[in-house]
Amino acid sequence: MAESATFVWVGTDQQGRKSKGEINSTTPAIAKAELRRQGIVATRVKKKSASLNLGVRGGVKPADIALFTRQMATMMRAGVPLVQAFDIVGDGVDKLKLAQLIKEIRQDVASGNSFASAIRRHPNEFDDLFCNLVDAGESSGALESMLDRIASYKEKTESLKAKVRKAMTYPIAVLVVAIIVSGILLVKVVPQFEQVFQGFGAELPAFTKLVIGFSEFAQTYWYMILFGIVAAGFIFSEARKRSKAFREVLDRVSLKLPVAGDIIEKSSVARYARTLSTTFAAGVPLVEALNSVAGSTDNSVYVKAVHRIRDDVSTGQQLNFAMRNTGVFPNMVNQMVAIGEEAGALDDMLDKSASYYEEQVDNAVDNLTSPMEPVIMSVLGILVGGLIIAMYLPIFQLGAVVGN
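What counts and what doesn't
Residues numbered from 1 in each chain as written. Predicted model: local features only at pLDDT ≥ 70, side-chain atom pairs only at ≥ 80, totals over all residues. Heavy atoms only, no water. Helix = DSSP H or I, 4+ residues; strand = E, 2+ residues; numbered from the N terminus. Contact = heavy atoms within 4.5 Å. Areas by Shrake-Rupley, 256 points an atom, 1.4 Å probe, with all protein chains shown as cover. Lys, Arg positive; Asp, Glu negative; His and termini not counted. Charge placed at Lys NZ, Arg CZ, Asp CG, Glu CD. Expected span 1.5 Å × (residues − 1). Buried < 20%, exposed > 50% of the residue type's maximum accessible area, 1.4 Å probe, protein only. Arc of directions from axis to C-beta. Phe/Tyr/Trp six-rings, centres within 6.5 Å; stacked < 30°, edge-to-face > 60°. Axes fitted to C-alpha atoms, helices over the stretch in contact; angles between N-to-C directions. Parallel < 35°, antiparallel > 145°, perpendicular 65-115°, else oblique. Left-handed = near helix turned anticlockwise from the far one by under 90°. Nonpolar A, V, L, I, M, F, W, Y, C, P; charged D, E, K, R; others polar. Pairing = 2+ DSSP bridges. pLDDT = per-residue confidence, 0-100. Salt bridge = Lys/Arg side-chain N within 4 Å of Asp/Glu carboxyl O. Polar contact = N/O pair within 3.5 Å; in protein donor to acceptor, adjacent residues only side chain to side chain. Core = buried A, V, L, I, M, F, W, Y, C linked by side-chain atoms within 4.5 Å.

In terms of regular secondary structure, the protein is built from 16 helices and three strands. Counted over contacts in the protein with a minimum sequence separation of 6, partners at least 24 positions apart contribute 58%. Element-wise, carbon and sulfur atoms account for 59% of the exposed surface of the protein, whose accessible area totals about 22400 Å². Computing the positive centroid from 44 side-chain charges and the negative centroid from 41, the protein places the two 7 Å apart.

The next point concerns helix α14 (residues 331–343). For α14, which comprises 13 residues, the first-to-last C-alpha distance of 18 Å matches the rise-based estimate of 18 Å (1.5 Å per residue) to within 8%. Those residues of α14 that fall on the buried side of the exposure criterion are Val-333, Asn-334, Met-336, Val-337, Ala-338 and Gly-340. The secondary structure elements touched by the buried residues of α14 are α10 (260–281), α13 (319–326) and α15 (346–366).

A few words on helix α3 (residues 82–91). Residues Leu-82, Ala-85, Phe-86, Val-89 and Gly-90 constitute the buried set of α3. For α3, the angular spread of the buried residues around the axis is 125°, confining them to a single face.

With that settled, consider the packing of aromatic side chains. Scanning the entire structure with this criterion turns up nine aromatic pairs. Seen in terms of ring centroids, Phe-68 and Phe-126 are 6.3 Å apart; in terms of plane orientation they differ by 65°. Their pairing is edge-to-face. Of this pair, Phe-68 sits in helix α2 (residues 62–77) while Phe-126 is found in the loop between α5 (115–119) and α6 (128–140), placing the two residues 58 residues apart along the sequence. Each member of the pair, Phe-68 together with Phe-126, is buried. Ring plane angle 75° and centroid distance 5.6 Å describe the contact between Tyr-302 and Phe-329, whose orientation is recorded as edge-to-face. With Tyr-302 in helix α12 (residues 300–314) and Phe-329 in the loop between α13 and α14, the pair connects residues that are 27 residues apart, well separated along the chain. The class for Tyr-302 is buried, based on a relative accessible area of 1%. By relative accessible area, Phe-329 is classed as buried at 7%. Taken together, the ring pairs connect Phe-68, Phe-86, Phe-115, Phe-126 and Phe-130 into an aromatic cluster.

The next thing to look at is the packing of α12 against α13. What describes two packed helices is the angle between their axes and the distance between those same axes. In the contact formed by α12 and α13, the axes pass within 9 Å of each other and the chain directions differ by 140°. Between α12 and α13, the angle is such that the two are oblique. Crossing angle aside, the handedness with which α12 passes α13 is right-handed. Judged by residue contacts, Ala-305, Arg-308, Ile-309, Asp-312 and Val-313 of α12 engage Leu-319, Ala-322, Met-323, Asn-325 and Thr-326 from α13. When grouped by side-chain class, the residues that make up the contact of α12 with α13 number six nonpolar, two polar and two charged.

Moving on, we come to the pairing of strand β1 (residues 5–12). Alternating residues of β1 divide into Ala-5, Phe-7, Trp-9 and Gly-11, all buried, and Thr-6, Val-8, Val-10 and Thr-12, none buried. As defined by bridge partners, β1 adjoins strand β2 (residues 18–25) across eight bridges and the pair is classed as antiparallel. Bridge assignment links Thr-12 to a residue of β2, and that residue is Lys-18. Here β1 folds back onto β2 in antiparallel fashion, the turn holding five residues, of which Gly-16 has a positive phi close to 85°. The pairing of β1 with strand β3 (residues 41–47) spans six bridges and is classified as antiparallel. Considered in β3, the bridge of Trp-9 is made with Val-45.

Mean pLDDT over the protein works out to 81, with 92% of the residues at or above the 70 mark. For the stretch residues 51–57, pLDDT sits under 50, and the model shows nine contacts to residues farther than four places along the chain or on other chains.

A complete count under the given rule lists 15 salt bridges for this structure. As a salt-bridge pair, Glu-155 and Arg-70 come within 2.9 Å of each other at their nearest N and O atoms. Taken together, the positions of Glu-155 in helix α7 (residues 143–198) and Arg-70 in helix α2 put the pair 85 residues apart, joining distant regions of the chain. Its relative accessible area of 34% is what places Glu-155 among the partly exposed residues. Among the salt bridges present, the one from Arg-77 reaches Asp-148, with a minimum N-O distance of 3.1 Å.

This part is about the side chain of Asn-320. Along the chain, Asn-320 turns up in helix α13. Of note is the side chain of Asn-320, whose polar atom sits 2.5 Å from the side chain of Glu-341. For Asn-320, the contacting residues outside a window of four places in its chain are Asn-334, Val-337, Ala-338 and Glu-341.

Membership of the largest hydrophobic core comes to 69 residues, with the highest contact counts inside it found for Phe-115, Tyr-272 and Leu-319. Considering each element in turn, this core owes the most residues, eight residues, to α7. Leave out the neighbours within four places in its chain, and Phe-115 touches Phe-68, Leu-82, Phe-86, Ile-105, Val-109, Val-134, Glu-138, Leu-143 and Leu-147. Counting residues in hydrophobic clusters, the runner-up holds 12 residues, among them Phe-193, Val-211, Ala-218 and Ala-390.

Let us look at the sheet that holds β2. In spatial order, the strands read β2-β1-β3; together these three strands make up an open sheet with antiparallel pairing. Two strands bound the open sheet, and with one partner strand each, they are β2 and β3. Between one strand and the next, the sheet's axes are offset by a mean angle of 25°, whatever the strand orientation.

As structure tokens, then:
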């Protein structure tokens, strides 16, 4: 069976007007035949070149999967058959890799495989939670409702991650700029002052000598410093990926950071509540749902806590009691879960908890600049201001001597 491809065509319509467009087909001849059925006389049909989309290459991101899921949910809710929905959504995609992914899933489904089994072949894009929820939707005959639920879940979790990244990016970006500016001053500006100081014939202040020493070191070994920074970044990244112990230490430390630690903690709680609410509402058994929830918290402290909760719940403990025993969940969440279990509305209470903590993260990110500005200004003052003071200190001293 020939694979479907996108063809670009040029021709005339029934009124004799020139027109052009794109069509999915297996061969140019079949594409021309399909166009004739639509009243189009094609004068040229050729396969669309990948080079036409050079500006939209790139990997498939979680935000792309969220958009794809929302579009599929909309198509199916409108009554569009599943395979045709893939065609419609795929035609509107700009990213080459995402379009190829949709095409492969569409071909698997068209050949008789289920939607869940088709996406399980792409674990880098679709995690176990996504696949399990789609499987549950297909088994219950409510795939469109499940896709809508998954889309809402993915959109909210990606929005939350974006807010946390925003909170972390601002102070890091300012510090990086401060370090770059300080490096430029040491390598380019300080040497100019050093030449001036050599003509003074007087003893330089200790602070100025120290800065000049740093400047000479930076000029001589700048390539080693740059290599060391890059190597340290690479080692840190690899250690975080490969070493579970190192990752656990980082996660524990991150929760204790001033300001940022509170944001990370609330975002982990929000993701836990949002994911468990989605899976439980989809009819997934609680113990099985907790298996999928652990990874969504994105922090090893909460991953361990969820695994402990799963083990306790499997022995017959209530969820709120198991959560309370971990000591990492806020009392409000524990109480909301307890109310949900008593009232038989656990998914609703978890959803409310998730919404509350997502709002808390949103507010914390918006208010982040106020407490961080004094710290950032202090760091900038020490790095940049210290260098400037060190350079002008001998000039001030010389002026005082001349004045006397």
